[in-house]
Amino acid sequence: MSETGADAEVVVVGGGVVGAAVFHELAARGAAVTLVEQDRGGLGSTAWSGGIVRCYHDDPELTDRALTGWRHFREFAAHTGESAAFHPCGFLYLPHPDRAGAARRETARLSAHAPARWLTAEEVDSRFGQLLAAPARGGAVWEPEAGWLDATEVTRGYLRAGRRKGGTVLEGVAVHSPLRGGDGRLHGVRTTSGAVRAATVVLAAGAATPGLLTSWGIEHDLWAQAVQVELRRPAAPVTGQPAYTDDEFDVNGRPDPDSGGIYLGHPTGRRVPGAGREPVDAAQSQLAAEAGARRWRWVPGSRSLGGLRAAECWAPDGGGRVVRHPREPGLLLATGFNGGGFKMAPWAAAETARLIGIDGNHAPPPAHDTNGTSR
């Protein structure tokens with residue numbers, strides 16, 4: 001394969017929302033950054049994302065990361081110069097009753113930074129009782145200013161903004177192997193259009209990440225897992241339905257005003273070989289409907305408007321991986337969000353810049369060849 005001789009300070013592999021956010025952040029800080037995407041940015045698993053933006057998590061560190069995203073996405077145009085509508089719908093988190101006390105304490109901490117309040121079981125019933133088939137036995141977290149954005153629109157916006165700020169996007173170009181120098185260290189990637197040399201490779205390829213790492217001979221503990229959601233239209237119009245996560249019955253989703261439907265998701269627990277879309281599993285749809293009916297009155301009698309099934313990158317701790325690989329100094333991972341990467345993308349972008357050491361007054365260092373010498 002001929003080498004293009006393309007150079008960058010950082011090469012980002014993957015043009016989903018996380019990779020695009022990283023690309024934009026680095027370009028905005030003055031880095032020489034190239035993003036490589038095998039398809040068109042935003043058309044992989046990101047295209048199936050519900051784009052929900054909310055803050056609460058059981059883990060305070062994850063709450064703070066999501067808070068970064070909530071603030072960023074509410075002012076997306078100010079950060080990027082691109083328009084992406086924020087659709088407020090509120091977010092209701094129904095914890096397992098055993099976790100209600102901890103959830104109440106974390107809500108109190110969050111409320112100092114964003115609109116969030118703990119609702120008692122009686123308050124949940126008063127506000128949402130017309131929707132609920134089962135009461136919130138331990139109470140719930142309510143975020144009235146949470147909402148959602150179109151994930152593909154956001155991703156394309158990041159890519160356009162990053163280009164304007166000096167970054168390069170290579171679409172329709174697949175990465176297939178690492179580029180190593182004579183010292184054995186990573187110095188970029190080899191692609192179907194040639195090599196891209198860079199001091200740092202950011203792997204943000206979503207569900208393709210585990211397969212790439214394995215094929216490169218790099219140790220990891222990530223895997224691809226199927227995610228499936230179904231859009232259901234209630235038999236009668238529903239008003240006041242928020243975005244939601246229910247840890248008692250394991251369902252999640254949000255309203256879809258365009259169709260008059262509501263998304264309903266339920267964990268599959270199924271590992272898959274790699275990235276890509278699969279046909280919707282009818283048995284999984286039935287499981288989701290049964291679980292949803294235990295919480296929401298509108299599920300029985302609703303009809304399916306179709307489903308979405310794709311793979312996401314999973315990590316054992318569920319918190320996402322934005323870290324340098326311990327055995328590959330030139331490799332940084334930005335993945336493993338267990339299906340929740342959209343709201344974490346702004347934090348992941350800022351954390352990537354911090355780990356690489358790129359601030360707002362950054363000037364790119366001299367280019368290097370694959371033997372590590374300045375040119």
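What counts and how
Numbering of residues starts from 1 in each chain and follows the order in which that chain's sequence is written. The predicted origin of the model limits local features to residues at a pLDDT of at least 70 and limits the giving and counting of side-chain atom pairs to 80 or more, whereas totals for whole chains, interfaces and linings rest on all residues. Hydrogens and water are ignored here; the side-chain numbers use all heavy atoms of the structure. We call two strands paired when DSSP finds no fewer than two bridges between them. Every helix listed is a DSSP run of H or I at least four residues long, and every strand listed is a run of E at least two residues long, numbered separately from the N terminus. Note on method: axes are straight lines fitted to C-alpha atoms, helices fitted across the in-contact stretch only, with angles between N-to-C directions ranging 0 to 180 degrees. Should an angle fall under 35 degrees it is called roughly parallel, over 145 degrees roughly antiparallel, and 65 to 115 degrees roughly perpendicular, with every other angle called oblique. It is the rotation of the near helix from the far one that decides the hand of a crossing: anticlockwise by less than a right angle makes it left-handed, clockwise makes it right-handed. In what follows, a contact means two residues having at least one pair of non-hydrogen atoms within 4.5 Å. Amino acids outside the nonpolar list (Ala, Val, Leu, Ile, Met, Phe, Trp, Tyr, Cys, Pro) and the charged list (Asp, Glu, Lys, Arg) are all regarded as polar, and Gly is one of them. UniProt positions are given in the numbering used here, feature names are shortened, and annotations may be inferred rather than shown by experiment. Within 3.5 Å is the distance limit for a polar contact, defined as a pair of N or O atoms, with the added protein rule that one can donate a hydrogen and the other accept it, and that residues adjacent in sequence qualify only through two side-chain atoms. Only protein chains enter the area calculation, which uses a 1.4 Å probe; residues under 20% of their type maximum are buried, those over 50% are exposed, and those in between are partly exposed. Any Lys or Arg side-chain nitrogen found within 4 Å of a carboxyl oxygen on Asp or Glu counts as a salt bridge.

- With an unreviewed UniProt entry as reference, the chain is termed NAD(P)/FAD-dependent oxidoreductase, source organism Streptomyces celluloflavus.

## Digging into the sheet that holds strand 5 (residues 87-88)
Now for step 1: Pairing is antiparallel in the open sheet, where 3 strands are placed in the order 4-9-5. Single-partner strands in this sheet number two, and they are strand 4 (52-53) and strand 5.
Now for step 2: Looking at chain direction, strand 4 and strand 9 (residues 147-148) are connected through 2 bridges and run antiparallel. In the sheet register, Val-53 faces strand 9, and the bridge partner there is Gly-147.

## Quick look at the packing of helix 1 (residues 17-28) against helix 6 (residues 151-164)
Now for step 1: Relative to each other, helix 1 and helix 6 sit at 25°, their axes nearing to 8 Å. The angle between the axes of helix 1 and helix 6 places the two elements in the roughly parallel class. Note that helix 1 runs across helix 6; the crossing there is left-handed. Residues Val-17, Ala-20, Ala-21, Phe-23, His-24 and Ala-27 of helix 1 touch helix 6, and the partners they reach there are Val-154, Thr-155, Tyr-158, Leu-159, Ala-161, Gly-162 and Arg-163.
Now for step 2: Grouping the amino acids of the contact of helix 1 with helix 6 by side-chain chemistry returns 9 nonpolar, 3 polar and 1 charged.

## Topic: the UniProt feature "domain: FAD dependent oxidoreductase" (unreviewed entry) in the chain
Now for step 1: The UniProt record marks residues 10-355 with the feature "domain: FAD dependent oxidoreductase" (unreviewed entry), using the residue numbering of this structure.
Now for step 2: As a span, residues 10-355 carries 29% helix and 29% strand, and end to end its C-alpha atoms are 12 Å apart.

## Describing the packing of helix 1 against helix 9 (residues 341-356)
Now for step 1: At their nearest, the axes of helix 1 and helix 9 sit 8 Å apart, and the two run at 40° to each other. Put simply, helix 1 runs oblique to helix 9. For helix 1 against helix 9, the interelement crossing comes out right-handed. Residues Val-17, Val-18, Ala-21, Val-22, Glu-25 and Leu-26 of helix 1 form the contact with helix 9, whose own contacting residues are Gly-341, Phe-342, Ala-345, Ala-348, Ala-349, Ala-350, Thr-352, Ala-353 and Ile-356.

## A closer look at the side chain of Glu-106
Now for step 1: The residue Glu-106 is located in helix 4 (residues 100-110) in this model.
Now for step 2: For Glu-106, the side chain forms a polar contact with the side chain of Arg-109, separated by 2.8 Å.
Now for step 3: Those residues in contact with Glu-106 that sit more than four places away from it in its chain are Tyr-56, His-57, Pro-60 and Thr-63.

## Some details on the pairing of strand 12 (residues 186-191)
Now for step 1: Among the 6 residues in strand 12, 5 count as buried, and that is most of the element.
Now for step 2: Here strand 11 (residues 175-180) runs beside strand 12; their pairing, made up of 4 bridges, is antiparallel. Bridged to Ser-177 within strand 12 is Arg-190.
Now for step 3: Connecting strand 11 to the next strand, strand 12, in antiparallel fashion are 5 residues, including Gly-184 with a positive phi near 80°.
Now for step 4: Of the strand pairs in this sheet, strand 12 and strand 13 (residues 194-197) are connected by 4 bridges, and their pairing is antiparallel. Along strand 13, the bridge assignment pairs Thr-191 with Gly-194.
Now for step 5: Linking strand 12 to strand 13, which pair antiparallel, is a turn of 2 residues.

## Concerning the pattern of salt bridges
Now for step 1: Per the stated rule, a full pass over the model turns up 24 salt bridges.
Now for step 2: Salt bridges linked by common partners bring Arg-137, Asp-246, Glu-248 and Arg-295 together as one network.

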